[in-house]
Structure formats: structure tokens, C-alpha cells
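Observations on the three-dimensional arrangement
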Amino acid sequence: MTLTERQPVLSVRGLSVRFLMPGGRRIAAVTDAHFDVAAGECLALVGESGCGKSVLASALLGLLPANAQTAGEARLGDLDLLSTDEQTLARRVRGRLIGLIPQSPAAHLTPVRTIRSQLEETVAALTGSRGRAARAQAARSAAERAAFPPDHLDRHPHQLSGGLAQRAATSLALVGDAPLLLADEPTTGLDRDLVDRTVDELRRPVDTAGQALLVITHDLAAAERIADRVAVMYAGRLVELADAQAFFGSPGPRHPYSRGLLQALPDRAFSPIPGMPPELGELPDGCAFAARCARATDTCATLPHLTSAGAVACHHPYVQEDLRA
Ligand code: SF4
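To keep things clear, this report deals only with the structure shown in the data block.

What counts, and where the lines are drawn
Residues numbered from 1 in each chain as written. Predicted model: local features only at pLDDT ≥ 70, side-chain atom pairs only at ≥ 80, totals over all residues. Heavy atoms only, no water. Helix = DSSP H or I, 4+ residues; strand = E, 2+ residues; numbered from the N terminus. Rg over C-alpha atoms; globule rule 2.2 N^0.38 Å. Buried < 20%, exposed > 50% of the residue type's maximum accessible area, 1.4 Å probe, protein only. Contact = heavy atoms within 4.5 Å. Areas by Shrake-Rupley, 256 points an atom, 1.4 Å probe, with all protein chains shown as cover. Lys, Arg positive; Asp, Glu negative; His and termini not counted. Charge placed at Lys NZ, Arg CZ, Asp CG, Glu CD. Pairing = 2+ DSSP bridges. Axes fitted to C-alpha atoms, helices over the stretch in contact; angles between N-to-C directions. Core = buried A, V, L, I, M, F, W, Y, C linked by side-chain atoms within 4.5 Å. Polar contact = N/O pair within 3.5 Å; in protein donor to acceptor, adjacent residues only side chain to side chain. Parallel < 35°, antiparallel > 145°, perpendicular 65-115°, else oblique. Left-handed = near helix turned anticlockwise from the far one by under 90°. Nonpolar A, V, L, I, M, F, W, Y, C, P; charged D, E, K, R; others polar. Salt bridge = Lys/Arg side-chain N within 4 Å of Asp/Glu carboxyl O.

1. A few points about the overall build of the protein chain
Across its full length, the protein chain carries eleven helices and ten strands. Computed over its C-alpha atoms, the radius of gyration of the protein chain comes to 20 Å, within 12% of the 20 Å expected for a compact globule of 325 residues. Burial analysis of the protein chain (325 residues in total) assigns 51% to the buried set. The contacts of the protein chain with a sequence gap of at least 6 include a subset with a gap of at least 24, amounting to 66%. On the protein chain, roughly 14,900 Å² of surface is accessible, and the fraction owed to carbon and sulfur atoms is 51%. The distance from the centre of the 33 positive side-chain charges to the centre of the 36 negative ones in the protein chain is 5 Å.

Structure representation (C-alpha cells):
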């Protein structure tokens, strides 16, 4: 069975997030996102800072600010995350259905307590386990699955390196055996060697326990290393959904923005995309990439849509012949 044939763990349909600003101004942070993440699969949601990917993650977790309005659906089990009340999100979703691997592990860990006590407390909160031995065993098991060394369990967060703090935060996310793991910019601030190790460790529960992993990242090299599929976001919209091997290898990305992102990498052409993304409060009616796109024509004044897997939201995507050139 291929990944795309598997039952999705998370199914997002038409997800939009608007922020209502003072004076009645609306900012379209995410518009009409469609994607699935299957068990045993990693989907990397990539794009530059400010493209809306972290807002999308916050929408899934029910952590948007009060001035946010959402539309669409995000199905996880029997719940639509967008219409689930805060009490249910806190009781059933965070930790149990979604394990969050945070952007800043240091900020996520309690500084005055050892990793062991934080893990055991999380075990008690998520599993209701009252037995001390069972709690200790579950805590050790979560640490082991995240490759956190057992002889560091009695250390405090400030006594850990950046890589070990990341593993400690990952251990906490694994305690609840959530079907979906969500990693938000997990490689920010790490040096290249640590990025590779962190990414390999994040991949482990996908391969060993069949958990689904959604990685939000601006780091394309990390996405290439970890992902089965890639979703590219630009100015609040998904512009390309592709198999990772095809996207990073051959034939390569089909959307001009995706192609520009890859060519901006130091180990590729190292040629940055000219111009800047538009402000999310001032998006054009047509393609938001048009002002930066060498392939733009008059047709691009109308909005290109992406609604199905393996698709590209572009009126003039690269085709096989272009990509071989
Ligand atoms: S729709 Fe037009 S402007 Fe937008 S990326 Fe495609 S070719 Fe470029």
C-alpha cells in the first residue's frame, strides 16, 4: 500500500485563518489549505517566515489568538479540530492525539525540575497512571524512543546541550503515543550536524511506531532529509504538494516559487528569489507570486488553485521538458 492510499490520520480541507485587526482590517494568514497526513508518513510544510505555516499549526492545536477567525475542517479521529472547544482540546487533543515538538525546547521545559520528574508528571497527566513504577517505566520508555540518554534523566534543562534539550522535549511529546506528531521549526538555531541528528531522531517514531509526523519548517535541507511528501506554502496558500523524492530529486519542483526556494540553497544554484513576498493584508486577486515570477503572464491575474494531492497551483508550472533542461 502506498502512503497516499493509507487512511489519513489528519485530513485538512479548506482551512483558512483570518485575523481581524483594529479598524476592521482583515489579514488572510492562511487560505483554503487542503492536505492529509497518513500513519507512518512525514509531511513537511515548508516556506519562508511569515508565509502562514506556523499559524496553520496553531489552528490545528487550537492556540490561535482571540482575533482569529477560522473556516474549513481539520479532521483528526472523530474530531474537527477547528470546531472543538478548548476543554476538549486540552483534555483529548494536546498530548493525546497531537504530540507537540516545540520550536524552542528550552522554553517548553520547566527549568527548576529534572527531565525525569517532568516526564513522569506528563505520564500521570496523560495516562492517569498512579503507580510509581509504571510511571517511571513509561517515562524511561519515552526517553528511550527519543534517544534521550537514561543517565541524563536526573539533570535539569540548563545542564543539557541544545541537542539533548530537543530530545527531552521530543520525549515529552512521545509520552501520550499520539497518532500525530507536530514539530514546529525543530531545527531552528541548531548547527548542521545537530540538524541531521535531530531530524533522524524525529523520523524514528514514524518508522518504528507508525506515527504520522507534520513538520513545519523553513529549512529545506531538513525537509529533504525527513519528509515523504512536501507541501510548499507561499503568502498563506499551499502552492505545491509533491512526493519528496520527486521534489528534491528528479524531476524537481513544478511551481516557480518552489523551484526558486530550492535554487536559493547554498549547495544548489545559490540564487535568491528576487523581490519580497506581499503583505498578507494586501494580497493581489491573482497569483501572489506574480510580481516575482519570471513565467508570469496576463493569465496569472486570475488565481490558480490547488485542491488535490500531487498538484501545483500555477497557470504555467514547469513540465517534464523544462525540468530536464
Ligand atoms: S501562476 Fe503565473 S505568476 Fe503564479 S507562479 Fe504560476 S506562472 Fe508564476
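From this point on, the discussion continues.
2. Quick notes on the sheet that holds strand β7 (residues 180–184)
With respect to topology, six strands assemble into an open sheet ordered β6-β7-β8-β3-β9-β10, the strand pairing being mixed. Each edge of the open sheet carries a strand with a single partner, namely β6 (98–101) and β10 (237–243). Sheet twist, expressed as the mean angle between neighbouring strand axes with direction ignored, is 20 degrees. Two elements, β7 and strand β8 (residues 212–217), share five bridges in a ladder whose sense is parallel. The partner of Leu-180 across the bridge, within β8, is Ala-212. Docked against the sheet, helix α1 (residues 53–61) engages β3 (42–46), β6, β7, β8 and β9 (229–234), running at close to 140 degrees with respect to β8.

3. Re the nonpolar core
Ranked by internal contacts, the top residues of the largest apolar core, which has 84 residues, are Leu-10, Leu-15, Phe-35, Leu-60, Leu-81, Leu-213 and Leu-214. The residues contacting Leu-81, other than those within four sequence positions of it, are Leu-10, Leu-60, Ala-74, Leu-76, Leu-89, Val-93 and Ile-98. The next biggest cluster of nonpolar side chains, apart from the first, holds 16 residues, and it includes Leu-109, Val-123, Leu-153 and Val-175.

4. A short note on the side chain of Glu-41
For Glu-41, the location among the structural elements is in the loop between β2 (26–38) and β3. Of note is the side chain of Glu-41, whose polar atom sits 2.5 Å from the side chain of Arg-229.

5. Overview of unusual backbone geometry
Geometrically, the link from Ser-250 to Pro-251 is a cis peptide bond, its omega value of 10 degrees lying close to zero. If you trace the backbone, Pro-251 turns up in the loop between α9 (244–248) and α10 (256–263). One non-glycine residue, Ala-147, lies in positive phi territory at about 60 degrees. Following the sequence through the fold, Ala-147 ends up in the loop between α5 (132–145) and α6 (162–174).

6. So, the packing of helix α4 (residues 115–127) against α6
In contact at an axis separation of 9 Å, α4 and α6 are set at 15 degrees when each is read in the N-to-C sense. Accordingly, the angle class assigned to the pair α4 and α6 is roughly parallel. Once α4 is placed against α6, the crossing between them reads as right-handed. Of the residues in α6, those touching α4 at Ile-115, Gln-118, Leu-119 and Thr-122 are Ala-168, Ser-171 and Leu-172.

7. Quick word on the packing of α4 against α5
The packing of two helices is summarised by the inter-axis angle and the distance between the axes. Relative to each other, α4 and α5 sit at 110 degrees, their axes nearing to 8 Å. In terms of their interaxial angle, α4 and α5 are classed as roughly perpendicular. Of the two possible hands of crossing, α4 and α5 adopt the one that is right-handed. On the side of α4, the interface is formed by Arg-116, Leu-119, Glu-120, Val-123 and Ala-124, while α5 contributes Arg-135, Ala-136, Ala-138, Ala-139, Arg-140, Ala-142 and Ala-143. The class makeup of the residues in the contact of α4 with α5 is eight nonpolar, no polar and four charged.

8. Side note on the environment of Ala-74
As for its position among the elements, Ala-74 is in strand β4 (residues 68–76). Under the relative-accessibility criterion, Ala-74 is labelled buried at 0%. A C-alpha to C-alpha distance of 9.1 Å links Ala-74 and His-34, two positions 40 residues apart in sequence.

9. Comments concerning the pattern of salt bridges
The tally for this structure, following the rule as stated, stands at 15 salt bridges. A salt bridge links Arg-92 to Asp-78; the shortest N-O distance between them is 3.0 Å. Of this pair, Arg-92 sits in helix α2 (residues 86–93) while Asp-78 sits in the loop between β4 and β5 (79–80); the two residues are 14 residues apart in sequence, bridging distant segments of the chain. Residue Arg-92 is classed as partly exposed on the basis of its relative accessible area of 32%. Judged by relative accessible area, which is 56%, Asp-78 ranks as exposed. By sharing partners, the salt bridges in this structure join Asp-196, Asp-200 and Arg-225 into a single network.

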